[in-house]
Amino acid sequence: MATAMFRSSIRSALRSGAPRVTPASKRTFSSHSSVEEEAREASKWEKITYVGIVSCSILAAICLSKGHPHSDEPPAYSYLHIRNKEFPWGPDGLFEVKHH
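Under an unreviewed UniProt entry, the name given to the protein is Cytochrome c oxidase subunit 6a, mitochondrial, and the source organism is Nicotiana tabacum. Per UniProt, the comment on the protein under Sequence similarities (unreviewed entry) is "Belongs to the cytochrome c oxidase subunit 6A family." In UniProt, the protein has this text filed under Subcellular location (unreviewed entry): "Mitochondrion inner membrane".

Across its full length, the protein carries 2 helices and 0 strands. Of the roughly 10500 Å² of accessible surface on the protein, 63% is carried by carbon and sulfur atoms.

Where nonpolar side chains cluster on the molecular surface, the patch consists of Y77, Y79, L80 and I82 and spans about 490 Å² of accessible area. Locating L80 in the fold gives a position in the segment after α2 (35-65). Given the relative accessible area of 45%, L80 is considered partly exposed.

The rules behind these values
- Residues numbered from 1 in each chain as written.
- Predicted model: local features only at pLDDT ≥ 70, side-chain atom pairs only at ≥ 80, totals over all residues.
- Heavy atoms only, no water.
- UniProt positions renumbered as here; feature names shortened; annotations may be inferred.
- Helix = DSSP H or I, 4+ residues; strand = E, 2+ residues; numbered from the N terminus.
- Areas by Shrake-Rupley, 256 points an atom, 1.4 Å probe, with all protein chains shown as cover.
- Patch = residues over 30% accessible without salt bridge, like charges linked within 9 Å, V, L, I, M, F, W, Y side chains within 5 Å.
- Salt bridge = Lys/Arg side-chain N within 4 Å of Asp/Glu carboxyl O.
- Buried < 20%, exposed > 50% of the residue type's maximum accessible area, 1.4 Å probe, protein only.

If you want it as structure tokens, here you go:
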């Protein structure tokens, strides 16, 4: 069945010579509204986007302009276990070549 359909489509393509070009159809997406309604809707969402950009920018400027407290020294947490032991290969580094 599939091979018959494939052969018939090949035959019809070969018979026509040039490929058929169908006229471009209008895409309606999910609505069947007029062009004017679509233009109004696009304009509405464009305005909403601009208002959102301005309001988010103002909110970010306000939040970033406020200072926050800094402590002089961080608290000594017991779980940090800071070790100050030298490396076995010395303080210069493992792959450093010393020129005398």
